[in-house]
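Residue-level structure breakdown
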Number of protein chains: 2
Amino acid sequence: MTSTTSSGEIPLEARTLAERVFQQLQDAIVRGELPAGSKITEPGLAQTYGISRGPLREAMRRLEAHRLIEREPHVGARVVKLSMRELLELFDMREALESMAARLAARHMTTDEVQALRDVLVAHEEQGDLDQAEAYYQREGDLDFHYLIVRGSHNRMLMTTLCDDLYYLVRLYRTQYSARGGRPQRAFIEHHRIVDAIASGDEELAEQLMRRHVIAARQTVAERYAMSLDDDRDLSKSNGRALSRRTPSA
Amino acid sequence: MTSTTSSGEIPLEARTLAERVFQQLQDAIVRGELPAGSKITEPGLAQTYGISRGPLREAMRRLEAHRLIEREPHVGARVVKLSMRELLELFDMREALESMAARLAARHMTTDEVQALRDVLVAHEEQGDLDQAEAYYQREGDLDFHYLIVRGSHNRMLMTTLCDDLYYLVRLYRTQYSARGGRPQRAFIEHHRIVDAIASGDEELAEQLMRRHVIAARQTVAERYAMSLDDDRDLSKSNGRALSRRTPSA
DNA sequence: ATTTCCCTGATTGTTGACAATAACCATGAC
DNA sequence: GTCATGGTTATTGTCAACAATCAGGGAAAT
């Protein structure tokens, strides 16, 4: 029960084709193999995954409900492309839900769960200090931290909404905007304070600290976006395609 | 753009069978025609709605993602049955999301939208006072109030999560537990204060009032449940099946 | 030259049939 | 009498073919 990070581990109980291809597609989208905004064609995917269109369509319907693809009747489906506006909306939702999760975690988390949370924290710090360039792992590691708190809330509905819906969108954003963690040391300090508040059972403080943590992350993203816009303006008509919104070729 | 209440109005742009049957099933579940916990058989539903199993299964996959049905591979699907624990979890999520919605509404709502909100409020009051027994409408009416605030947040992701996911579960609970609105006059007062806070642009107050509003509703439900448990205990082994959890026949 | 219309191609929507799995019931052994 | 075991049946999972709809291109008319 160490890590919830999704590496290539697809076949966690995939007893049906539709289930398996759903997880595969979810992974492919989040990892950027299916680029954001690219069109999805049913015969193509069916051949790629070696299945018929029936189960594939069911998987796509689930992806649609999870907001990972968008679909227009009789036209087709395409991988969702997060605009900056939608990304900021996503942060507002995270602020609301994760602050509530932190509050509930402070109320319900067991000592074992708190200890596991601390373990994850020191593991990240060591890894982060040792190999700064290997921020790839810190990416998922940050999510691990949040995963554990959400699980600590002991609220199943909150867990599924955050872990099964929102966090996939968060990871999609990280690939779409090629965004690394950013502000690691400050985040570590905030993480520690949050854990301390949870460990001491201070609901109010835990909620407030998590709220500010998410707000700070949101602000970092917003500032970075503003800066990239300036860059685009400076570079005028050169190849400043850092955050441009043109459709990637299929 | 008066009311968002769902009466029999299914065919709002249902260009495909799967879409149409999805909405029909959603409605049937929420209205109690498909009782909570009842088993769903594909051939049965396919014949009932006069379609094939293909589109039906896609609709069911969407319902599954929206948590209105639960599905076990090779076994079957059944309408979700909210336990009291899950119901309280639902209230925690509402507290988090709706308080955020109220904050954003205070920030973004236009004067027109605020006026529409006030109109809905007085309409409900008149109706509620005139015909107390007709609490049926007050039910959906209460949701109308919350709908308008969520829409006023101008956060599309929040809108879909609350309106397309959570609110259907709320309505399902209302039919499952045969719960009427309860505490109408106190709720009216709270509604008014919330609207005032939103109108004055006081984000902090709007969020806090909405949070307390949801908490109060949650507490009412919890107390009512405790009372019903007492009733069951008093009635001993008679037909005290107010909140029992036995499976309805298919 | 531009616009409109139609035709072609491809993709999506839908269907019915086939295969696989699991629940149910009866039979038999201990 | 109880438990294990087998067969039967119904339901789910999957597939390939058919029908309907939309996008794109080219020809004809203004």
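Presented here is a report on the structure given in the accompanying data block. (Residues numbered from 1 in each chain as written. Chains lettered and ligands numbered in written order. Predicted model: local features only at pLDDT ≥ 70, side-chain atom pairs only at ≥ 80, totals over all residues. Heavy atoms only, no water.)

The helix and strand tally for chain A stands at nine helices and three strands. Seen in sequence order, chain A has helices and strands lined up from the N terminus as α-β-α-α-β-β-α-α-α-α-α-α. The buried share among the 250 residues of chain A stands at 48%. Residue pairs in contact within chain A that sit at least 24 positions apart in sequence constitute 75% of those at least 6 positions apart. (Helix = DSSP H or I, 4+ residues; strand = E, 2+ residues; numbered from the N terminus. Buried < 20%, exposed > 50% of the residue type's maximum accessible area, 1.4 Å probe, protein only. Contact = heavy atoms within 4.5 Å.)

Residues and elements named next belong to chain A. Spatially, the three strands line up as an open sheet ordered β1-β3-β2, and their pairing is antiparallel. Each end of this open sheet is capped by a strand with a single partner; those strands are β1 (39-40) and β2 (69-72). As paired elements, β2 and strand β3 (residues 76-79) share four bridges and run antiparallel to each other. Paired with E70 across the strands is R78, a residue of β3. Of the strands in this sheet, β1, β2 and β3 are in contact with helix α3 (residues 53-65), which crosses β2 at around 110°. (Pairing = 2+ DSSP bridges. Axes fitted to C-alpha atoms, helices over the stretch in contact; angles between N-to-C directions.)

Once that is clear, we can look at the interface of chain B and chain A. Every contact between the two is made by 34 residues of chain B and, on the other side, 34 residues of chain A. Roughly 3300 Å² is buried in total at the junction of chain B and chain A, and carbon and sulfur atoms are behind 55% of that figure. The interface formed by chain B and chain A holds six salt bridges in total. At the boundary of chain B with chain A, the tally comes to 14 residue pairs in polar contact (both at pLDDT 80 or more). Counting residues per element, the ones that place at least two in the side of chain B that touches chain A are α3 (53-65), α4 (84-108), α7 (156-176) and α9 (203-234) of chain B. Top element by residues in the side of chain B that touches chain A is α4(B). It accounts for eleven residues. For the side of chain B that touches chain A, the per-class residue count stands at 13 nonpolar, six polar and 15 charged. (Buried area = accessible area lost by both parts, 1.4 Å probe. Salt bridge = Lys/Arg side-chain N within 4 Å of Asp/Glu carboxyl O. Polar contact = N/O pair within 3.5 Å; in protein donor to acceptor, adjacent residues only side chain to side chain. Nonpolar A, V, L, I, M, F, W, Y, C, P; charged D, E, K, R; others polar.)

The next point concerns α3(B). Residue and element names in this part refer to chain B. Its 13 residues place the ends of α3 18 Å apart at the C-alpha level, agreeing with the 18 Å of an ideal helix rising 1.5 Å per residue. Buried within α3 are the following residues: L56, E58, A59, M60, R61, R62, L63 and A65. At the C-terminal side of α3, R67 shows a positive phi close to 65°. (Expected span 1.5 Å × (residues − 1).)

Following both chains from N to C, one finds helix α7 (residues 156-176) of chain A and α4(B) inclined at 50°, their axes separated by 8 Å at the closest point. The angle between the axes of α7(A) and α4(B) places the two elements in the oblique class. Taken together, the residues of α4(B) that come into contact with α7(A) (itself represented by R156(A), M157(A), L158(A) and T161(A)) are E86(B), E89(B), L90(B) and M93(B). A per-class count over the contact of α7(A) with α4(B) returns four nonpolar, one polar and three charged. (Parallel < 35°, antiparallel > 145°, perpendicular 65-115°, else oblique.)

On to unusual backbone geometry. We note that R67(A) has phi near 65°; this positive angle belongs to a residue other than glycine. Looking at where R67(A) falls in the secondary structure, it is placed in the loop between α3 and β2.

A few words on the environment of E64(B). For E64(B), the location among the structural elements is in helix α3. Residues E64(B) and R78(B), 14 residues apart in the sequence, show an inter-C-alpha distance of 9.7 Å. Once residues within four sequence positions are removed from consideration, E64(B) is found in contact with R62(A), I69(B) and R71(B). Within the structure, E64(B) has its side chain in polar contact with the side chain of R61(B) (distance 3.2 Å).

So, on to the protein's contact with DNA strand D. Near DNA strand D you find 19 residues, and of these T16(A), L17(A), R15(B), R53(B) and R57(B) are the closest. A share of 77% of the atoms of DNA strand D within 4 Å of the protein falls on sugar and phosphate groups. Between a phosphate oxygen of DNA strand D and a main-chain N or O atom of S52(A), the distance comes to 3.0 Å. Mapped onto the surface near DNA strand D, the elements with two or more residues apiece are α1 (17-30) of chain A together with α2 (42-49) and α3 of chain B. Its residues assigned to classes, the surface near DNA strand D shows eight nonpolar, six polar and five charged. (Near = heavy atom within 4 Å.)

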